[in-house]
Amino acid sequence: MARSITTMSSSTTSPNEHATSTTTTTIISSFHKLTPKKCQKPLTLIFIIKKQKILLAMKKRGFGMGRWNGFGGKIEAEKDASVREGALRELHEESFIHELPKKAPFNCIGRIFFNFQEELEKSLFVVWVFCCVIRDESDEQLVEEQLRESEEMKPQWFAFDEIPYDSMWPDDKLWVPILLEMLKK
């Protein structure tokens, strides 16, 4: 199953507002006729960062099984009042983290549009990417005390220079380094 990124966007507005100032970096742009209006259900992807490490999880079942990824999943209209709430719900379901540090804001840092090449029109997805950067030892402890393996995900910290790109979605090696570079600024 081949997956391609169309664009990665960074927006100054929340995921529940209309973008007023959006900067788009085109990573692979062979799908210029596909627009977000044609997207399937919105998805979330959450990364927690600490001391030049990223928290990833091995997907143990279902879609993406056998791959390292961030936490996240589908927004469920009946459960989630917003994209942010959906991201937090998914984080809790997959990692048991129910409280993030107040000094380490949980922000939407961009959107990724991608598709599966076999079904271009049917499989364009928009993924809201959220990030929490932990800078304080007590905040790190709060996350570590809650973090556990779930039926779906097995979490593990990776140094930035040891990220297992070969066991992730093939396009992750294109955009995850951009994400990490953005977070250094």
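Keep in mind that what you see is a predicted model, and the values were worked out from it rather than measured. (Residues numbered from 1 in each chain as written. Predicted model: local features only at pLDDT ≥ 70, side-chain atom pairs only at ≥ 80, totals over all residues. Heavy atoms only, no water.)

1. Side note on helix α2 (residues 137-146)
An α-helical turn contains 3.6 residues, so any two residues separated by three or four positions project in the same direction.
Line of reasoning, step 1. Taken together, the buried positions of α2 are D139, E140, V143 and Q146. Down the axis of α2, the buried set is contained in an arc of 135°. They therefore lie on one face. Relative to its buried face, α2 has exposed residues pointing more than 90 degrees away, namely E137 and E145.
Line of reasoning, step 2. Residues of α2 that are buried sit in contact with β3 (43-50), α1 (83-95) and β7 (125-134). (Buried < 20%, exposed > 50% of the residue type's maximum accessible area, 1.4 Å probe, protein only. Helix = DSSP H or I, 4+ residues; strand = E, 2+ residues; numbered from the N terminus. Arc of directions from axis to C-beta. Contact = heavy atoms within 4.5 Å.)

2. Some remarks on the environment of W157
Line of reasoning, step 1. Here W157 shows up in strand β8 (residues 153-159).
Line of reasoning, step 2. For W157, a relative accessible area of 18% translates into the label buried.
Line of reasoning, step 3. Spatially, the C-alpha atom of W157 lies 8.8 Å from that of I49, the residues being 108 residues apart in sequence.
Line of reasoning, step 4. Apart from the residues within four sequence positions on either side, W157 is in contact with I48, I49, K50, K53, I54, L55, E144 and L147.
Line of reasoning, step 5. Within the structure, the side chain of W157 is placed 2.7 Å from the side chain of E144, a separation counted as a polar contact. (Polar contact = N/O pair within 3.5 Å; in protein donor to acceptor, adjacent residues only side chain to side chain.)

3. Things to note about the pattern of salt bridges
Line of reasoning, step 1. If you walk through the whole model with that rule in mind, you get 12 salt bridges.
Line of reasoning, step 2. One salt bridge in this structure joins E149 and K60, with 2.6 Å as the shortest N-O distance. A residue pair is termed long-range when its members are at least 10 positions apart, and E149 in the loop between α2 and β8 and K60 in the loop between β4 (53-59) and β5 (68-69) qualify at 89 residues.
Line of reasoning, step 3. Given the relative accessible area of 43%, E149 is considered partly exposed.
Line of reasoning, step 4. For K60, a relative accessible area of 33% translates into the label partly exposed.
Line of reasoning, step 5. Bridged by salt links that share partners, the residues E76, K79, D80, R89, E90 and E93 form one connected network. (Salt bridge = Lys/Arg side-chain N within 4 Å of Asp/Glu carboxyl O.)

4. So, the environment of I75
Line of reasoning, step 1. Along the chain, I75 falls in the loop between β5 and α1.
Line of reasoning, step 2. I75 sits 32 residues away from L43 along the chain, and the two C-alpha atoms are 5.8 Å apart.
Line of reasoning, step 3. Once you skip the residues sitting within four places of it in the chain, I75 turns out to touch K41, P42, T44, D80, V83, G86 and R89.

5. Things to note about the confidence of the model for the chain
Line of reasoning, step 1. When pLDDT is averaged along the chain, the result is 80; 74% of the residues meet or exceed 70.
Line of reasoning, step 2. Of all the helices and strands in the chain, strand β2 (residues 22-26) carries the lowest mean pLDDT, 31, while β8 carries the highest, 98.
Line of reasoning, step 3. Note that residues 9-36 has pLDDT below 50 and, in this model, 55 contacts with residues that lie over four places away or in other chains. (pLDDT = per-residue confidence, 0-100.)

6. A short note on the packing of aromatic side chains
Line of reasoning, step 1. Counted under the stated rule, the structure contains 5 aromatic pairs.
Line of reasoning, step 2. For the pair F63 and W169, a centre-to-centre distance of 5.6 Å together with 35° between the ring planes defines the contact as tilted. With F63 in the loop between β4 and β5 and W169 in the loop between β8 and α3 (172-184), the pair connects residues that are 106 residues apart, well separated along the chain.
Line of reasoning, step 3. What makes F63 exposed here is its relative accessible area of 52%.
Line of reasoning, step 4. Seen in terms of ring centroids, F106 and F130 are 5.1 Å apart; in terms of plane orientation they differ by 10°. Their pairing is stacked. (Phe/Tyr/Trp six-rings, centres within 6.5 Å; stacked < 30°, edge-to-face > 60°.)

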